[in-house]
Amino acid sequence: MLLVGLGAVSTTTIAGVFAIRKGLARPIGSLTQMGTIRLGKRTEGRSPKINEFVPLAQLDDIVFGGWDIFEEDCYAAAKTAGVLERSMLDSVRTELESIKPMPAVFDQRYVKRLSGPNVKKGKNKRELADQLVDDIRAFKSAHACDRLVMVWCGSTEIFMKEGGVHQSLAALEKGLEANDEAIPSSMVYAYAALKEGIPFANAAPNLTADVPAMLELAARTKAPVAGNDMKTGQTLIKTIIAPGLKARMIGVRGWYSTNILGNRDGEVLDDPESFKTKEESKKSALDYIFQPQLYPDLYQDISHVVRINYYPPRGDNKEGWDNIDIFGWLGYPMQLKINFLCRDSILAAPIVLDVALFLDLARRAGMAGIQEWLSFYFKAPMHAKGLYPEHDLFIQLMKLKNTLRYLMGEELITHLGREYYD
Ligand SMILES: NC(=O)c1ccc[n+]([C@@H]2O[C@H](COP(=O)([O-])OP(=O)(O)OC[C@H]3O[C@@H](n4cnc5c(N)ncnc54)[C@H](O)[C@@H]3O)[C@@H](O)[C@H]2O)c1
């Protein structure tokens with residue numbers, strides 16, 4: 001597993017896998033490790049664990065590597081991130097210390113609040129991509145890996161719109177050569193991975209693999225892609241609550257969400273340009289779930305406000321508040337308040353693991369390009385042109401599990417169940 005950015009999320013994922021392997025902790029939050037899947041009719045009583053049903057890579061077989069602009073090894077980086085307790089980190093210290101970040105492709109133009117020494121130099125972005133390909137090949141051979149997966153867990157880059165250089169592979173390759181400004185660092189990584197036929201996921205909201213040029217490359221090399229922006233804290237709760245309100249035709253006038261967050265991610269998001277990327281990603285979910293075009297009386301013109309405030313004392317322990325103004329029968333107003341004291345990277349780590357394992361499965365199953373069945377994990381799920389993205393967590397889970405059944409030749413579950421009553 002190649003992780004771009006060895007920050008809070010990556011080190012919590014890696015240390016967690018090591019601790020779980022040693023039997024020191026449980027993989028809570030990971031569907032691939034803890035989830036089951038019902039097969040056949042309810043009366044058959046068949047519900048194997050997902051990782052016994054589909055041939056996923058085993059945790060013992062995973063090797064980790066990655067890039068970062070800081071030189072600290074994974075143990076030091078995990079200490080800086082301050083997510084896991086010292087005793088937990090010390091129990092896997094040797095393994096963590098052995099993971100040292102490779103020099104990054106980085107340009108401060110795309111992440112204003114960061115600068116670091118461990119950065120590659122190159123004539124142009126094409127040359128930097130070639131250096132990444134060399135890193136990937138060297139890692140693969142040094143660790144005798146059969147297969148690789150890459151996940152962008154780097155900082156959120158500034159907001160960018162799709163432009164001409166992203167429209168075709170030829171244009172993108174020309175742009176790499178010409179150092180086109182519209183190609184941020186994250187795209188250089190995605191390009192290198194997809195060129196090598198390696199599955200790529202974007203755990204952050206920046207514009208990266210979700211452009212026609214990358215999808216053209218993925219189709220050519222048969223690489224699966226997924227993203228964008230992991231659905232962890234407040235948005236996870238939103239996509240749990242909103243489908244419930246809609247299912248009962250409860251109206252919504254406004255949804256105000258605010259957060260305080262004190263980790264490096266929070267610091268990066270304190271820059272308005274990086275926050276804009278995050279804001280766009282966070283705001284789309286409600287519109288798609290509520291479908292105001294179908295339910296104007298219930299959901300038209302919802303006032304949806306999202307704020308993130310950088311507040312160092314809280315570190316990685318985010319606190320989110322949601323105030324939801326709702327209305328019921330005859331238009332009578334009500335309110336719902338949610339105060340979520342969560343841990344960002346604790347919620348994110350199992351997603352990184354699951355997405356990597358499922359993308360590796362997809363690659364072996366011959367499923368190239370956008371993996372919409374992994375929408376379950378993302379705030380702004382990638383989807384085919386002309387479709388709207390599915391944000392309802394429960395529809396997403398059904399789609400994910402039906403994809404696994406389909407892959408294994410099992411009957412899809414429709415929940416119709418007429419046969420018990422006919
Ligand atoms: N934790 C969550 O719940 C969550 C949810 C969704 C998305 N995300 C996103 O995941 C990403 C990682 O979050 P985090 O909390 O680990 O942040 P972090 O700041 O702790 O780690 C990011 C790391 O990426 C490195 N980096 C930045 N640009 C790089 C580049 N071009 N190449 C290599 N390394 C680079 C930084 O030096 C840093 O060490 C962020 O973009 C965040 O918005 C996090």
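Definitions and cut-offs
- Residues numbered from 1 in each chain as written.
- Predicted model: local features only at pLDDT ≥ 70, side-chain atom pairs only at ≥ 80, totals over all residues.
- Helix = DSSP H or I, 4+ residues; strand = E, 2+ residues; numbered from the N terminus.
- Rg over C-alpha atoms; globule rule 2.2 N^0.38 Å.
- Buried ≥ 20, exposed ≤ 12 C-beta atoms within 10 Å, placed from the backbone.
- Contact = placed C-beta atoms within 7 Å.
- Domains from an automatic or database assignment.
- Nonpolar A, V, L, I, M, F, W, Y, C, P; charged D, E, K, R; others polar.
- Pairing = 2+ DSSP bridges.
- Axes fitted to C-alpha atoms, helices over the stretch in contact; angles between N-to-C directions.
- Core = buried A, V, L, I, M, F, W, Y, C linked by C-beta atoms within 7 Å.
- Near = placed C-beta within 6 Å.
- Parallel < 35°, antiparallel > 145°, perpendicular 65-115°, else oblique.
- Left-handed = near helix turned anticlockwise from the far one by under 90°.

Chemist: Just give me the short version of the overall build of the protein, but keep the residues and values in it.
Modeler: Within the protein, the regular secondary structure consists of 16 helices and 11 strands. Taking 422 residues into account, the globule formula puts the C-alpha radius of gyration at 22 Å, and the protein, at 22 Å, falls close to it. Summarising its shape, the C-alpha atoms of the protein cover approximately 65 × 50 × 50 Å along the three principal directions. Split into buried and exposed, the 422 residues of the protein put 45% on the buried side. Here the contacts in the protein between residues at least 6 apart in sequence split such that 75% fall between residues at least 24 apart.

Chemist: Which residues make up the domain arrangement of the protein, and what are the values?
Modeler: A common way to state how big an interface is: give the accessible area lost once the parts meet. Domain boundaries in the protein define domain 1 (2-230 + 347-407) and domain 2 (234-342). Placing a centre on the C-alpha atoms of domain 1 and another on those of domain 2 gives a separation of 26 Å. Facing the 27 residues of domain 1 at the interface are 27 residues of domain 2. Classifying every residue of the side of domain 1 that touches domain 2 by side-chain character gives 14 nonpolar, 7 polar and 6 charged.

Chemist: Tell me about unusual backbone geometry, residues and numbers included.
Modeler: The peptide bond linking Gly 227 to Asn 228 adopts the cis configuration, its omega dihedral lying at -10°. With respect to the element layout, Asn 228 can be found in the loop between strand E6 (224-226) and helix H11 (234-247). The backbone phi angle of Asp 229 is positive, close to 70°, even though this residue is not glycine. On the secondary structure map, Asp 229 appears in the loop between E6 and H11. Overall, Asp 229 belongs to the buried group, with 22 C-beta atoms counted inside 10 Å. Not every positive phi belongs to a glycine, and Gln 291 is a case in point at roughly 45°. Classification of Gln 291 as partly exposed rests on a count of 13 C-beta atoms within 10 Å.

Chemist: Tell me about the sheet that holds strand E10 (residues 333-343), and please be specific about residues and values.
Modeler: Ordered by their spatial adjacency, 4 strands build an open sheet running E8-E7-E9-E10, and the pairing between neighbours is mixed. The sheet is open, and its two borders are formed by strand E8 (303-310) and E10, each paired with just one other strand. Taking each pair of neighbouring strands and ignoring which way they run, the sheet shows an average axis angle of 10°. Pairing of strand E7 (residues 251-261) with E8 involves 8 bridges; the strand directions are parallel.

Chemist: Tell me about the nonpolar core, residues and numbers included.
Modeler: Formed by 98 residues in total, the largest nonpolar core has its most connected members in Val 151, Val 352 and Val 355. It is helix H15 (residues 344-364) that provides the largest number of residues to this core, a total of 13 residues. Those residues in contact with Val 151, other than ones at most four positions away along the chain, are Met 1, Leu 3, Ala 201, Ala 203, Val 352, Val 355 and Ala 356. Counting 9 residues, the second largest nonpolar core, distinct from the first, contains Ala 242, Trp 255, Leu 286 and Ile 324.

Chemist: Go over the sheet that holds strand E11 (residues 369-370), please, and point to the residues and values.
Modeler: Pairing in this open sheet of 7 strands is parallel, and the strands run E3-E2-E1-E4-E5-E6-E11 from one edge to the other. Where the open sheet ends on each side, the last strands, each with one partner, are strand E3 (102-103) and E11. Here strand E2 (residues 65-68) pairs with E3 via 2 bridges, running parallel. Across the sheet, Trp 67 pairs through a bridge with Met 102, a residue of E3. Relative to the sheet, H15 contacts strand E4 (150-152), strand E5 (200-202) and E6, its axis offset from that of E6 by approximately 155°.

Chemist: Could you give me a rundown of the site of the ligand, with the residues and numbers involved?
Modeler: Gly 5, Gly 7, Ala 204, Thr 232 and Arg 264 are the nearest of the 36 residues found near the ligand. For the shell around the ligand, the secondary-structure elements that each account for two or more residues are helix H1 (8-21), E2, helix H12 (264-269) and H15. At 4 residues, the largest contribution of residues to the shell around the ligand is made by H15. Split into classes, the residues belonging to the shell around the ligand amount to 20 nonpolar, 11 polar and 5 charged. Each of two domains, domain 1 (2-230 + 347-407) and domain 2 (234-342), supplies a minimum of three residues to the shell around the ligand.

Chemist: Go over the environment of Ile 37, please, and point to the residues and values.
Modeler: Along the chain, the position of Ile 37 falls in the loop between helix H2 (31-34) and helix H3 (50-53). When sequence neighbours within four positions are dropped, the list of residues in contact with Ile 37 reads Ser 47, Pro 48, Ile 50, Phe 53, Lys 401 and Leu 404.

Chemist: Lay out the environment of Ala 81 with the relevant residues and their values.
Modeler: Mapping Ala 81 onto the fold places it in helix H4 (residues 74-81). With 24 C-beta atoms counted inside 10 Å, the residue Ala 81 sits in the buried group. If we skip the residues at most four places from it in the chain, Ala 81 touches Gly 7, Ala 8, Thr 11, Thr 12, Asn 263, Asp 316 and Ser 345.

Chemist: Which residues make up the packing of helix H9 (residues 185-195) against helix H10 (residues 212-221), and what values go with them?
Modeler: Packing of H9 against H10 brings their axes to within 9 Å, and their N-to-C directions diverge by 20°. Looking at the two axes, H9 sits roughly parallel to H10. Here the hand of the crossing between H9 and H10 comes out left-handed. Touching Ala 190, Tyr 191, Leu 194 and Lys 195 of H9 are Met 214, Leu 217, Ala 218 and Thr 221, all from H10. Here the contact of H9 with H10 is composed, by residue class, of 6 nonpolar, 1 polar and 1 charged.

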